[in-house]
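Structural overview for review
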Number of protein chains: 2
Amino acid sequence: MAETRESSSGVRAGSPEPGDGLFSRRAAVWIARWLPVVAVALAVRSSGVPEGVTPEGWWFACVFAATIVGFLTRPLPMGPMVLVALAVLLAVGAFGHGAEAVERMLAGFADATVWLVVAAFLLSGTVVRTGLGRRVALWLISKLGRTTLGLGYSIAGAELILGPIIPSNTARGGGVMFPVVNGLAQALGADPYNERRRTGGYLVLCGSHANLVAAAMFFTGMAANPQLGNFAAADLGVSWTWTTWLAGSWLPGIVSMSLLPALLYWIHRPELTHSPEARREARRELQAMGPCTARQVALAVLLAALVAAWASEPVHGVHAAGVALAGIAVILILGLDRWLDFTADRGAWDALMWLGGLVAMAEQLQRQGVMRWFAAQIEQQVGGFTGVWAALLVGLAYFFSMYGFSMLTGHIMAMASVLFVVAKAAGAPPMLVAAVISYFSNLCGCLTNYSTGQVVIYSGLGYVSTPRWFAIGLAVGVFHLAVWLGVGMPYWRMLGWW
Amino acid sequence: MAETRESSSGVRAGSPEPGDGLFSRRAAVWIARWLPVVAVALAVRSSGVPEGVTPEGWWFACVFAATIVGFLTRPLPMGPMVLVALAVLLAVGAFGHGAEAVERMLAGFADATVWLVVAAFLLSGTVVRTGLGRRVALWLISKLGRTTLGLGYSIAGAELILGPIIPSNTARGGGVMFPVVNGLAQALGADPYNERRRTGGYLVLCGSHANLVAAAMFFTGMAANPQLGNFAAADLGVSWTWTTWLAGSWLPGIVSMSLLPALLYWIHRPELTHSPEARREARRELQAMGPCTARQVALAVLLAALVAAWASEPVHGVHAAGVALAGIAVILILGLDRWLDFTADRGAWDALMWLGGLVAMAEQLQRQGVMRWFAAQIEQQVGGFTGVWAALLVGLAYFFSMYGFSMLTGHIMAMASVLFVVAKAAGAPPMLVAAVISYFSNLCGCLTNYSTGQVVIYSGLGYVSTPRWFAIGLAVGVFHLAVWLGVGMPYWRMLGWW
């Protein structure tokens, strides 16, 4: 109420501050931020619907492109940007007509991965509120925290260990690692909107990018990786299994993991580099915390059970999102946390809105032929190339096409199979194609802040601005290409894959 | 963090307060609240799967019944109760296995009505934050607020006027009326957890129950009412249109509306009965607020546009939920409210969780044959009755079966058609059956606090405890039966319907 009165009285007083006139500075900023969004929408719209794409599909291409631009120019936060996109698509009839149109628009809100992200937010809130995250983080700092770089390496090490165990990269990154990384940042005195922002940012970047390397290294490092094995068998006629996957990935993976924390340290240098003081302080605070509370012990046991349940998905068949939501139910039954605190978790509901909306759009992009058209464009580009060059070109196109996807799984489902066929037709070596596409399927998640659940969660903390996240993502992308092709290609040659 | 420390140190200090021992008072309460839930679950479970119901279906019947009991004994708030129910159903395999099981479990979170409820929460938050709701409420009080009873009647009058215009009872009750009623309660100094709780409760009850009477009066008073016209034509062979509907409903409807505010006043007497002071105060505050702000005017225009869009659904075909979400998008584009405030709207996300979960369960109750079995039970009961008595008995069974449904629409879709067939076979007069089932389809929403979107929203404010909401609901239910059968039956006889 106070705020309302203030703003209303401000208007009545006719104060000469900027922001009141029709062409005030605020209005100019508003226009400057919307302009690129509208321009891209108009440009795509006026370019004519390509063959094979439905008119509705082209609306999706148009609004999706404009939304991605909006993520960068930020006339609105991501949640409202997606909501506006959905509203426009509904209004122009791109979702169809009648009750079914709204159902299609809302489809993403029932998506399992979206709810895994929501559950990860909620779980990590409990880890924070019970003090367990802080306890683990303080312990890590007291043991490994001589330097911030050391913390970066310990995050990467944890991802490497958990990589083969937890088959959902979002459960691993968002559910297990994120609460610890978040606790680490807070324990080092980092604040997204204040002091030591870059220190928090460094830890978050390590967590997010190391997660993707771990995902790329293991056949069970990401939920949709096994699907690539099926595609490779069907489209390329090769056996692409847990062991062959690792045979090709372990060397570039190890190299990548051992350079990544240092690279990020160089790109996004934390203010706090040495922290002997932080280490002593951590020990003191750990002592002051006293022994574990009953709530902390119960939560730790529950989290261990969740990790076991995630790891044994092939046995019981319950999707990681179901496991996570069941975990939250247990937390509530045991009274380890309060429902009030869950419903007040703004980050969770923000992610639900924008990720759910993007998933609905991505689904339609695929159904309406836009993705097939996009693959055909790549096929044309690759046309003149053959053999190894075709494999590389297809791989690069696949890697950077991730800019247009909001989910690693969606990217794989939409494009991997098509590109396997394209590359095979161009005479590329099958094992090389399987390797490049498989590893890139995970590594390409580095490019944006909407590529996969854990990236959404880490970047959502706000330690790194969106434009900067994209810039660092591109740099890490180039690094991945250099390592995985520079080290990988000669090594895969040794393996006889080309 | 402070809270964590307090509770942990409390445990370490070994304080002799109740709540620490193994069989402490708190533990006893916990057990006493869970016991009925578990008992009902076990009772249903051990009763053996009826013929025609799948084993999975019987799990749903079992957990659903236990959940409804849990809503009353409240071992947990409704959101977590539903989450626990979903987790149990997933764990026992009732949703099936693999990725599809989780998708079925999450299906309700993509339901249009669920999102209409969420959108209504978000919209009404904006109406409150801009001060528009307060302004309208103050104006209403200054004009009609000599007594609290007068306010009750003005709410009923507004519902009666809007009834034929806005074809979604949730959009009407939750989107338009709720913000005003909420503003009224606040302006009268009512607080759900403090002073003048019953005053707020009275207004909320008027809003909620008057909405259902308006829904029952008009063919376009509720989203699924037109479907009853289709069923009546197909199953009973009668023409049941906008005009025939109103021909039968106007008289009992008017009687019902003119008695309802007084009845509720008698059952749930507000502390504040006369408010000349409130009226003077309202005038003073209205003057102090000054002229409308630009934000308030813009929001009022937008809300009028939303009402127009809801009313013209038959023309443009966009579901009310799509209209509401588009309205929120416009609010954000124009900067009338902040995304931060939307994501902080705990009520909206609470409703999403529990209503979405219930909808998923209701869908499976229907798919797995439980509802068909339930209809068959009714058919058996009705067996010995014929003619008018069969119509009345079917009507009563239909009315009270609403206890098992989380949505008026779901109730209609699951049972109306079946009961039309049952009643016709028993030789009941077709027009009488059409009338009774149609009107009861809406009136029966009075029984619970989970029957339809607006009820969820009003009761969610917390002015009326859940057990009391059920008790008052039953009383209003008996009142509806008395009025609609007592006044309706002779009148429908005059119309020649039996």
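Residues numbered from 1 in each chain as written. Chains lettered and ligands numbered in written order. Predicted model: local features only at pLDDT ≥ 70, side-chain atom pairs only at ≥ 80, totals over all residues. Heavy atoms only, no water.

1. Some thoughts on the overall build of chain A
On a plain count of helices and strands, chain A comes out with 25 helices and zero strands. Here the C-alpha radius of gyration of chain A, 24 Å, is about what a compact globule of 498 residues would show, namely 23 Å. With the principal axes as the frame, chain A shows a C-alpha extent of 65 × 60 × 45 Å. Here chain A holds 498 residues, and 57% of them are scored as buried. (Helix = DSSP H or I, 4+ residues; strand = E, 2+ residues; numbered from the N terminus. Rg over C-alpha atoms; globule rule 2.2 N^0.38 Å. Buried < 20%, exposed > 50% of the residue type's maximum accessible area, 1.4 Å probe, protein only.)

2. Looking at the interface of chain A and chain B
How big an interface is tends to be reported as the loss of accessible area on association of its parts. Contact residues are listed per partner, giving 55 residues for chain A and 56 residues for chain B. Together, the buried faces of chain A and chain B total about 4,800 Å²; carbon and sulfur atoms form 75% of this surface. Considering only the side of chain A, the residues that lose the most area to chain B are Ile333(A), Trp339(A) and Arg346(A), jointly responsible for 13% of the buried surface there. Here chain A and chain B share zero salt bridges between them. (Contact = heavy atoms within 4.5 Å. Buried area = accessible area lost by both parts, 1.4 Å probe. Salt bridge = Lys/Arg side-chain N within 4 Å of Asp/Glu carboxyl O.)

3. Remarks on the relation of the copies chain A and chain B
Of the transformation superimposing chain A on chain B, the axial component is 0.0 Å and the angular component is 180°, with the fit at an RMSD of 0.0 Å. A rotation of that kind, with that shift, is consistent with a two-fold axis. Interface residue correspondence from chain A to chain B reaches 100%, placing this contact among same-surface, isologous pairings. (Least-squares fit on C-alpha atoms with pLDDT ≥ 70 in both.)

4. Some points on the environment of Val29(B)
Residue and element names in this part refer to chain B. Mapped onto the elements of the fold, Val-29 is located in helix H2 (residues 25-46). Of the residues examined, Val-29 reaches a relative accessible area of 36% and is grouped as partly exposed. The sequence separation of Val-29 and Pro-75 amounts to 46 residues, and the corresponding C-alpha distance is 8.5 Å.

5. Topic: the environment of Ala329(B)
Relative to the helices and strands, Ala329(B) resides in helix H16 (residues 320-333). Ala329(B) gets classed as buried once you look at its relative accessible area, which sits at 3%. Setting aside anything within four residues of it in sequence, one finds Ala329(B) in contact with Leu83(A), Val84(A) and Ala87(A).

6. Regarding the confidence of the model for chain A
Residues and elements named next belong to chain A. Mean pLDDT for chain A: 86, with 95% of residues reaching 70 or above. The secondary-structure element of chain A with the lowest mean pLDDT is helix H1 (residues 2-13), recorded at 32, while helix H22 (residues 430-443) shows the highest, at 96. Across the predicted assembly, pTM comes out at 0.79 and ipTM at 0.78. (pLDDT = per-residue confidence, 0-100.)

7. Points about the nonpolar core
Among the nonpolar cores identified, the biggest contains 367 residues, and Trp115(A), Leu352(A), Trp484(A), Trp115(B) and Leu352(B) are the most heavily contacted of them. Apart from the residues within four sequence positions on either side, Trp115(B) is in contact with Leu106(A), Phe109(A), Leu352(A), Met353(A), Phe109(B), Ala110(B), Ala321(B), Leu325(B), Trp349(B) and Leu352(B). (Core = buried A, V, L, I, M, F, W, Y, C linked by side-chain atoms within 4.5 Å.)

8. Description of the domain arrangement of chain A
Residues and elements named next belong to chain A. You can read the domains of chain A as domain 1 (29-105) and domain 2 (113-337 + 369-494). Taken over C-alpha atoms, the centre of domain 1 sits 29 Å from the centre of domain 2. Taken together, the contact pairs 13 residues of domain 1 with 10 residues of domain 2. When domain 1 packs against domain 2, the two sides together hide about 900 Å² of surface, and 76% of this comes from carbon and sulfur. Inspection of the region where domain 1 meets domain 2 yields zero salt bridges. Inspection of the region where domain 1 meets domain 2 yields one residue pair in polar contact (both at pLDDT 80 or more). Ranked by residue count, the leading element in the side of domain 1 that touches domain 2 is helix H3 (residues 55-73), at seven residues. Taken together, the residues of the side of domain 1 that touches domain 2 sort by class into nine nonpolar, two polar and two charged. (Domains from an automatic or database assignment. Polar contact = N/O pair within 3.5 Å; in protein donor to acceptor, adjacent residues only side chain to side chain. Nonpolar A, V, L, I, M, F, W, Y, C, P; charged D, E, K, R; others polar.)

9. Observations regarding the packing of aromatic side chains
Residue and element names in this part refer to chain A. The tally for this structure, following the rule as stated, stands at 37 aromatic pairs over all chains. On the basis of an interplanar angle of 80° and a centroid distance of 5.7 Å, the ring pair of Trp-245 and Tyr-439 is categorised as edge-to-face. Residue Trp-245 is located in helix H12 (residues 242-267), and its partner Tyr-439 is located in helix H22; the two are separated by 194 residues in the primary sequence. Tyr-439 matches Trp-245 in its accessibility class, with the two residues each being buried. (Phe/Tyr/Trp six-rings, centres within 6.5 Å; stacked < 30°, edge-to-face > 60°.)

10. Looking at the packing of helix H7 (residues 132-144) of chain A against helix H9 (residues 169-187) of chain A
Residues and elements named next belong to chain A. Direction vectors running N to C along H7 and H9 enclose 70°, while the axes themselves pass 8 Å from each other. When the axes of H7 and H9 are compared, the pair comes out roughly perpendicular. With respect to the hand of their crossing, H7 and H9 are arranged in right-handed fashion. Along the contact surface, H7 presents Gly-133, Arg-134, Val-136, Ala-137, Leu-138, Leu-140 and Ile-141, while H9 presents Pro-179, Val-180, Gly-183, Leu-184 and Ala-187. For the contact of H7 with H9, the per-class residue count stands at nine nonpolar, two polar and one charged. (Axes fitted to C-alpha atoms, helices over the stretch in contact; angles between N-to-C directions. Parallel < 35°, antiparallel > 145°, perpendicular 65-115°, else oblique. Left-handed = near helix turned anticlockwise from the far one by under 90°.)

11. Structural notes on the state of the cysteines
A full pass over the atoms with the stated rule returns zero disulfides over all chains. With no disulfide of its own, Cys206(A) has Cys446(A) as its nearest cysteine by sulfur position, at a separation of 14 Å. (Disulfide = S-S within 2.5 Å.)

12. Focus: the side chain of His480(B)
With respect to the helices, strands and loops of the structure, His480(B) is situated in helix H24 (residues 466-486). Contact partners of His480(B), with chain neighbours within four places excluded, come to Val213(B), Ser256(B), Leu443(B), Cys446(B) and Leu485(B).

13. Some points on H9(A)
The α-helix winds at 3.6 residues per turn, so residues separated by three or four positions along the chain end up facing the same way. Residues and elements named next belong to chain A. Across its 19 residues, H9 extends 25 Å between first and last C-alpha, which sits within 8% of the 27 Å expected from 1.5 Å per residue. Largest kink in H9: about 50°, centred on Met-177, with the proline Pro-179 one to four residues after it. The buried fraction of H9 amounts to 16 of the 19 residues, a majority that puts the element mostly inside the structure. Gly-189 sits one or two positions beyond H9 and adopts a positive phi of about 80°. (Expected span 1.5 Å × (residues − 1). Bend = angle between axes of the 7 residues up to and from the residue.)

14. Things to note about the pattern of salt bridges
Residue and element names in this part refer to chain A. Using the criterion set out here, one finds 12 salt bridges over all chains in the structure. A salt bridge links Glu-100 to Arg-104, with the nearest nitrogen and oxygen atoms 3.3 Å apart. Highlighted residues: Glu-100 and Arg-104, both in helix H5 (residues 99-106), separated by four residues, approximately one helical turn. By relative accessible area, which is 30% here, Arg-104 ends up partly exposed. Across the pair Asp-337 and Arg-129 runs a salt bridge whose closest N-O atoms are separated by 2.7 Å.

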